[in-house]
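Reading the structure
Given next are the chains, with one letter for each unit.
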Number of protein chains: 2
Amino acid sequence: MIRAIYIAPVVTKENTILSVGSMAFDSVSTPEGKRESALGGSVNYFSIAASPFVPVELLAVVGKDYPQAELEWLNTLGISTSGVKIADGDTFHWVGDYCDDLNEAKTLSTFLNVFEHFKPQLSEKQRLSDYVFLGNIDPDLQHSVLDQVEGPKFVGCDSMNFWITGKLDRLKALLERIDLLSINEKEAMQLTGKKNLVDASEQILKMGPSVLILKRGEYGAMLKTREQTFLAPAYPIKTVVDPTGAGDSFAGAMMGHLASCGLSRDLARKDSKAFHSQLRQAVLMGCVMASFTVEDFSFDRLRSLTGDEFKARLSSLRSMIEIDSSSALDSLSWRKNV
Amino acid sequence: MIRAIYIAPVVTKENTILSVGSMAFDSVSTPEGKRESALGGSVNYFSIAASPFVPVELLAVVGKDYPQAELEWLNTLGISTSGVKIADGDTFHWVGDYCDDLNEAKTLSTFLNVFEHFKPQLSEKQRLSDYVFLGNIDPDLQHSVLDQVEGPKFVGCDSMNFWITGKLDRLKALLERIDLLSINEKEAMQLTGKKNLVDASEQILKMGPSVLILKRGEYGAMLKTREQTFLAPAYPIKTVVDPTGAGDSFAGAMMGHLASCGLSRDLARKDSKAFHSQLRQAVLMGCVMASFTVEDFSFDRLRSLTGDEFKARLSSLRSMIEIDSSSALDSLSWRKNV
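Our subject in this report is the structure included herewith. Each residue is numbered by its place in its chain's sequence as written, counting from 1. Naming scheme: in the order in which they are written, chains are lettered from A and ligands are numbered from 1. pLDDT decides what is reported in this predicted model: residues at 70 or higher carry local features, side-chain atom pairs at 80 or more are listed and counted, and totals for whole chains, interfaces and linings draw on all residues regardless. Based on all heavy atoms of the structure, the side-chain values leave hydrogens and waters out of the count.

**Points about the sheet that holds strand β9 (residues 154-158) of chain A**
Residues and elements named next belong to chain A. Whether two strands pair comes down to DSSP finding at least two bridges between them. In DSSP terms, a helix is any run of H or I states spanning at least four residues, a strand is any run of E spanning at least two, and both are numbered starting from the N terminus. Taken together, nine strands build an open sheet; the order of strands is β5-β4-β1-β8-β9-β10-β11-β12-β13 and the sheet is mixed. The strands lining the two open edges of the sheet, one partner per strand, are β5 (79-87) and β13 (229-232). Strand-to-strand twist in this sheet, taken as the mean axis angle between neighbours without regard to direction, amounts to 15 degrees. Sheet topology places strand β10 (residues 180-184) next to strand β11 (residues 211-215); five bridges connect them, and they run parallel. Here the axes come from fitting lines to C-alpha atoms, over the contacting stretch only for helices, and the angles between their N-to-C directions go from 0 to 180 degrees.

**Examining the pattern of salt bridges**
All names here are of chain A. In what follows, salt bridge is the name for a side-chain nitrogen of Lys or Arg lying within 4 Å of a carboxyl oxygen of Asp or Glu. According to the stated counting rule, one finds 44 salt bridges over all chains in the structure shown. Between Arg216 and Glu185 there is a salt bridge, with its nearest N and O atoms 3.1 Å apart. Here Arg216 is found in the loop between β11 and β12 (221-224), whereas its partner Glu185 is found in helix α7 (residues 185-192), with 31 residues between them in sequence. The buried label applies to any residue whose accessible area, calculated with a 1.4 Å probe on protein chains only, is under 20% of its type's maximum; exposed applies above 50%, and partly exposed to all values in between. A relative accessible area of 11% places Arg216 in the buried class. Linked through salt bridges whose partners overlap, the residues forming this network are Arg35, Glu70, Asp300 and Arg303.

**Observations regarding helix α4 (residues 139-148) of chain A**
Residue and element names in this part refer to chain A. By the criterion of burial, α4 is predominantly enclosed, with seven of the 10 residues buried. The set of residues buried in α4 consists of Pro139, Leu141, Gln142, His143, Val145, Leu146 and Gln148. Measuring from the backbone nitrogen of Asp140 back to the side-chain oxygen at the start of α4 gives 2.8 Å, which picks out Asp138 as the cap. For the purposes of these results, a polar contact is taken to be a pair of N or O atoms within 3.5 Å, where, inside protein, one atom must be able to donate a hydrogen and its partner to accept one; residues adjacent in sequence count only when each atom of the pair is a side-chain atom.

**A short note on the interface of chain A and chain B**
The accessible area lost on association of the parts is a frequent measure of interface size. Contacts are assigned to residue pairs with any non-hydrogen atoms lying within 4.5 Å of each other. Counting from both sides, the interface comprises 68 residues of chain A and, opposite them, 68 residues of chain B. Summed over both partners, the interface of chain A with chain B comes to about 5,600 Å²; 57% of that surface belongs to carbon and sulfur atoms. Run the count over chain A and chain B and you get six salt bridges. The residue Glu32 of chain A makes a salt bridge to Lys195 of chain B at a minimum N-O spacing of 3.7 Å. Where chain A meets chain B, there are 18 residue pairs in polar contact (both at pLDDT 80 or more). Elements represented by at least two residues in the side of chain A that touches chain B include exactly α8 (197-207), β13, α9 (246-261), α11 (272-293), α12 (300-304) and α13 (307-319) of chain A. No other element matches α13 of chain A, which puts eight residues into the side of chain A that touches chain B. Note on residue classes: Ala, Val, Leu, Ile, Met, Phe, Trp, Tyr, Cys and Pro are nonpolar, Asp, Glu, Lys and Arg are charged, and everything else, Gly too, is polar. For the side of chain A that touches chain B, the class distribution of residues is 31 nonpolar, 20 polar and 17 charged. Take the accessible area each of two parts loses on contact, using a 1.4 Å probe, and add the two losses: that sum is the buried area.

**Considerations on the environment of Val56 of chain B**
All names here are of chain B. Within the secondary structure layout, Val56 lies in strand β4 (residues 56-63). According to the relative accessible area criterion, Val56 is buried, its value standing at 1%. In sequence terms Val56 and Phe250 are 194 residues apart; their C-alpha atoms lie 15 Å from each other. The contacts of Val56, once residues within four sequence positions are left out, are Thr16, Ile17, Ser19, Ser47, Ala50, Ser51, Gly78, Ile79 and Ser80.

**Focus on the side chain of Thr229 of chain A**
Locating Thr229 of chain A in the fold gives a position in strand β13. Among the polar contacts made by the side chain of Thr229 of chain A, one reaches the side chain of Lys224 of chain A at a distance of 3.2 Å. Those residues in contact with Thr229 of chain A, other than ones at most four positions away along the chain, are Met222, Leu223, Lys224 and Arg280 of chain A together with Ser319 and Met320 of chain B.

**Points about the relation of the copies chain A and chain B**
Expressed as a screw operation, the relation of chain A to chain B combines 0.0 Å of axial shift with a rotation of 180 degrees, fitting to an RMSD of 0.0 Å. Both copies of the chain, as the preceding transformation shows, are related through a two-fold rotation axis. Residue by residue, 100% of the interface of chain A is reproduced at the interface of chain B, so both copies engage with the same surface. Least-squares superposition aligns the copies on the C-alpha atoms of those residues with pLDDT at or above 70 in both.

**Some remarks on the packing of helix α7 (residues 185-192) of chain B against helix α8 (residues 197-207) of chain B**
Residue and element names in this part refer to chain B. Where α7 contacts α8, the axes come no closer than 9 Å and their chain directions differ by 65 degrees. Handedness of the α7/α8 crossing: left-handed. Contact residues: Glu185, Ala188, Met189, Leu191 and Thr192 in α7; Leu197, Ala200, Gln203, Ile204 and Met207 in α8. Looking at side-chain class alone, the contact of α7 with α8 contains seven nonpolar, two polar and one charged residues. Left-handed is the label given to a crossing in which the near helix is rotated counterclockwise from the far helix by less than a right angle, and right-handed is the label when the rotation is clockwise.

**Brief notes about the packing of α9 of chain A against α11 of chain A**
All names here are of chain A. Running from amino to carboxyl end, α9 crosses α11 at an angle of 145 degrees, the nearest separation of the two axes being 7 Å. Seen along the crossing, α9 lies across α11 with a hand that is right-handed. Across the interface between the two elements, Ala246, Ser249, Phe250, Ala253, Met254, His257, Leu258 and Cys261 from α9 touch Gln278, Leu279, Gln281, Ala282, Val283, Met285, Gly286, Cys287, Met289, Ala290 and Thr293 from α11. In the contact of α9 with α11, the residues fall into 13 nonpolar, six polar and no charged.

Structural data, given as structure tokens:
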């Protein structure tokens, strides 16, 4: 006789990332061409890159000129745009040039427009977010978002030279409140005044965050915690069409994976091995996502990206760093000391 | 009853590397200081770095001003200097500056001196070398060394922008005769006219060598064969005192390991997996050796380097690229296609 067994429903609350940043029009020149007023902005790239992993709550402001259909497209990806304020005026507009150096944009113009009066207001639901990513905006705004969130599990943050120069004190105060900082190598040195990446990263880890991501452009990223260093190469691609959004989509896939695993700062204490293993995976996923992003202007490549394509490239990148553990140190012949 | 078993002695011919290149005095300025007429030269760095792995036969020319004691010191490392010609005149002298960019030396002066009339003449023993490394010298001299060697198992070669510009045809002819080419990223693009590293490396592999090492300065090295790509990061160190010789000592440790394993071009055909596994190990060893080299001026750091130090850093570098295979692609959650 088969007895009916009552199985209690498991209430799974899907981990959501709350992300704040800019939605923008980007006019970009690169060695591969030019695009006028393409869709962009840090929180756009971040959210689109995170959306295959977890739902995203997006906090931003756009002008009346931002296409409604594009907001609706985000919704189809599991990105809630209820936190996107549509303000009177034009959307933030950035004009940049990568013709001299694909690793570093030259900003030609910045039109803040409606972004100038952006004051993120969180809904009740958003206040309860477990995962938060503070895109690269004014540290005051980043503080204000964090002030409104109740007990998040893990907070990531991006910043840039502009804020290191202009609002260093507020940025430093923010570092004490976050778990993960993502900046590029030069910015790490600028933030700490150190000439060397090892020194700079050790210094930053003393400032607050327990996880530091140093973005290295075409060379990938370095992950630093107080216990470990992980060096992840960029996926080598044939043609970099437009580097815009590489860092933001890197962060999106990384945070997306971490949220989907339920990683938290508690895990770092309880199981450092699992914590670091997830972080390393997440960094590789960030590298893979960024490699797709730069293959076309705007986030056009991400629009068509499939899970199979992502997995294939992740698998390929993994194979490019693998070392045969059997031919490890034992096989090292060292005849004598020099 | 225990019967005596006759065990035939295994005749092991220790694999030796024949290496040709410059022995020099280097006067170098770096952000960390200045050294006048320090010992240097590509074949010095190469041989010292290879010597912990296998014996080295060195082919070079020095002037009467080169310290005899330093040649004797090389001998204590298992480096034969019977192929070092002591000519009338002064030793090759290079004056360089890394103050603007640690990744690229600015050559201030080059005094060829006795090097101008260098004509490598191989001994009978040297002609039978299984492993050959042609350091960065005039392609005509590289050809002449190769002309004198009888059926080597594996030939590596270094070159630079100067020869790509000045002797492209001779360099291209040389590429058809070698197994491994080691150059830096910029030189790879210059050699092929390609703007992209992936394209450039594919092109170079069509020119002859089956193994390409692209040196990336502080970012490590990329290994390319027709089948595989391996991305090796540089070991992150606190203070780069003098980058001189990084590439040569990288090549030395790499070729040293390959020779000690008995790697040959035949292995590539017979057991591609073993071939690539050894290559990857060798590239990591190159990265580790280079990281020690740059910690002091000249090859001063290599003078005191112990096998334990080398192994510890190799182990550390390996840990910085390791991915937990159990948390592999299966754990990737991808909710839907974007």
